[in-house]
Amino acid sequence: MDIVDISRMKHARPLHLGRLLTAAFLIAVLAYIAYAFAVGTIDWPVVGEYLFNPRVLTGAVTTVWVSIAAMAIGIVIGILTAIARSSRNVVLSTAAIFYAWLFRGAPMILQLLIWYNLALVFPTIGIPGVWEAKTVTVMTPLLATLIALGLNQGAYTSEIIRSGMLAVDIGQFEAAKSIGMTYSDTLRRIILPQAMRVVVPPLGNEFIGLLKTTALASIIGFGELLGTVQDIYYSNAKIMEMLFVATIWYLVIVSLLSVLQIWLEKRFARGFANGGRHG
């Protein structure tokens, strides 16, 4: 009788029942969704008709540039707030903490409504005797959106930048001080450039989140992407079709931004691979 070498036998793969059940469930859900869309009262030609409609394209472009402008405002405010937060000046650090607490705590939609209706509190703005204007005229939906988004983003960005600054070794401060560099030069030339490696990934996520948050500005009549498609479906009654158009454009824009984020992360990570050791 031959002796079988068990060690040479191929091991049979176990039957993963859990995987099979999960796959079956997902297939069933996808099939149901596909069936619902197939038999639902959705006029798909309308989606294609309005996908490249000039008004929709304008709304998409507006969403992108407003997001960029608000993010730029948020980064500037975030850097200043992060520096103030780490300052030994108790007044500055307290003010920075209060600012972050206030704008991170209030819902974004509430901030938009407050800024847009600021005329109810301050009927006029400006310097008496020099320049004054009616707040209701100055505080347009665009300005209210930029201020609200920029200040809100600044509160979140300040925490991201502060965490990046804290990630830089304290020895960098001491080394810069030993060669006579000022605190501002140390931040500008040493600390902030190194902090970018830590800051870029969460900042990219924040920007993508900010872009989608612009949809809330439609509540104050701002003509970004969602507000534009809402105006269209109010006239043609194609609600779901226009919402699908907006969804497609949001997915396209976010996908492109995700690719850009990956490129930036790789760029700022150069020289830090393998614990910062160069090849």
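Rules used throughout
Residues numbered from 1 in each chain as written. Predicted model: local features only at pLDDT ≥ 70, side-chain atom pairs only at ≥ 80, totals over all residues. Heavy atoms only, no water. Axes fitted to C-alpha atoms, helices over the stretch in contact; angles between N-to-C directions. Helix = DSSP H or I, 4+ residues; strand = E, 2+ residues; numbered from the N terminus. Parallel < 35°, antiparallel > 145°, perpendicular 65-115°, else oblique. Left-handed = near helix turned anticlockwise from the far one by under 90°. Contact = heavy atoms within 4.5 Å. Nonpolar A, V, L, I, M, F, W, Y, C, P; charged D, E, K, R; others polar. Phe/Tyr/Trp six-rings, centres within 6.5 Å; stacked < 30°, edge-to-face > 60°. Buried < 20%, exposed > 50% of the residue type's maximum accessible area, 1.4 Å probe, protein only. Salt bridge = Lys/Arg side-chain N within 4 Å of Asp/Glu carboxyl O. Core = buried A, V, L, I, M, F, W, Y, C linked by side-chain atoms within 4.5 Å. Pairing = 2+ DSSP bridges. Patch = residues over 30% accessible without salt bridge, like charges linked within 9 Å, V, L, I, M, F, W, Y side chains within 5 Å. Areas by Shrake-Rupley, 256 points an atom, 1.4 Å probe, with all protein chains shown as cover.

**Looking at the packing of helix α3 (residues 54-85) against helix α4 (residues 90-105)**
Closest axis-to-axis distance for the α3/α4 pair is 7 Å, and the angle between their directions is 130 degrees. In terms of their interaxial angle, α3 and α4 are classed as oblique. Read as a crossing pair, α3 and α4 show a hand that is left-handed. Side by side, α3 and α4 meet where I77, T81, A84 and R85 of the first sit next to L92, S93, A96, I97 and Y99 of the second. Tallied by class, the residues present in the contact of α3 with α4 amount to six nonpolar, two polar and one charged.

**Some remarks on the packing of aromatic side chains**
A complete count under the given rule lists five aromatic pairs for this structure. With a centroid separation of 5.5 Å and an interplanar angle of 10 degrees, the aromatic rings of W44 and F244 are classed as stacked. Pair noted here: W44 is in helix α2 (residues 44-51) and F244 is in helix α11 (residues 239-269), with a separation of 200 residues, a long-range link. For F244, a relative accessible area of 16% corresponds to the buried category. Plain terms: the ring middles of F98 and W101 are 5.6 Å apart, the flat faces sit at 40 degrees to each other, and that makes the pair tilted. Note that F98 and W101 are positioned in helix α4 at a spacing of three residues, about one turn of the helix.

**Overview of the pattern of salt bridges**
Inspection of the entire model under this criterion finds three salt bridges. Salt-bridge contacts for E159 lead to R85; the nearest nitrogen and oxygen are separated by 2.8 Å. With E159 in helix α7 (residues 141-167) and R85 in helix α3, the pair connects residues that are 74 residues apart, well separated along the chain. Overall, R85 belongs to the partly exposed group, its relative accessible area being 25%.

**Concerning the nonpolar core**
In terms of nonpolar packing, the biggest core is built from 52 residues, with V56, L225, M242 and V245 touching the most fellow members. For this core, the secondary-structure elements that each account for two or more residues are α2, α3, α5 (108-116), α7, α9 (183-213), α10 (225-236) and α11. Sorting elements by how many residues they give to this core places α9 first, with 10 residues. Apart from the residues lying within four places of it in its own chain, the contact partners of V56 are Y50, L51, L225, T228, V229, I232, M242, V245 and W249.

**What about the pairing of strand β2 (residues 131-134)?**
Examined bridge by bridge, strand β1 (residues 124-127) and β2 share four bridges and lie antiparallel to one another. The residue of β2 that forms the bridge with G126 is E132. Taking the residues that link successive antiparallel strands as the turn, the β1-β2 hairpin has three residues, and the phi of G129 there is positive, at about 85 degrees.

**Topic: unusual backbone geometry**
In this structure, A237 is a non-glycine residue whose phi angle is positive, near 65 degrees. Its location among the elements puts A237 in the loop between α10 and α11.

**A closer look at the side chain of T81**
Mapping T81 onto the fold places it in helix α3. The class for T81 is buried, based on a relative accessible area of 10%. With residues up to four places along the chain from it excluded, the contact list for T81 reads A96, Y99 and S158.

**What to know about a nonpolar patch on the surface**
A cluster of nonpolar residues, F25, L26, V29, L30, Y32, I33, F37 and W44, forms a patch on the protein surface that exposes about 820 Å² of accessible area. Element by element, the count of residues in the nonpolar patch is highest for helix α1 (residues 17-39), at seven residues. Judged by relative accessible area, L30 falls into the exposed class, the value being 58%.

**Describing the packing of α5 against α7**
Two numbers describe how α5 lies on α7: the axes approach to 9 Å, and their chain directions differ by 135 degrees. Classified by the angle their axes make, α5 and α7 are oblique. The chirality of how α5 crosses α7 is right-handed. Counted together, M108, Q111, L112, W115 and Y116 of α5 and P141, A144, T145, I147, A148, L149, L151 and N152 of α7 form the full contact between these two elements. In terms of residue class, the contact of α5 with α7 is built from 10 nonpolar, three polar and no charged.

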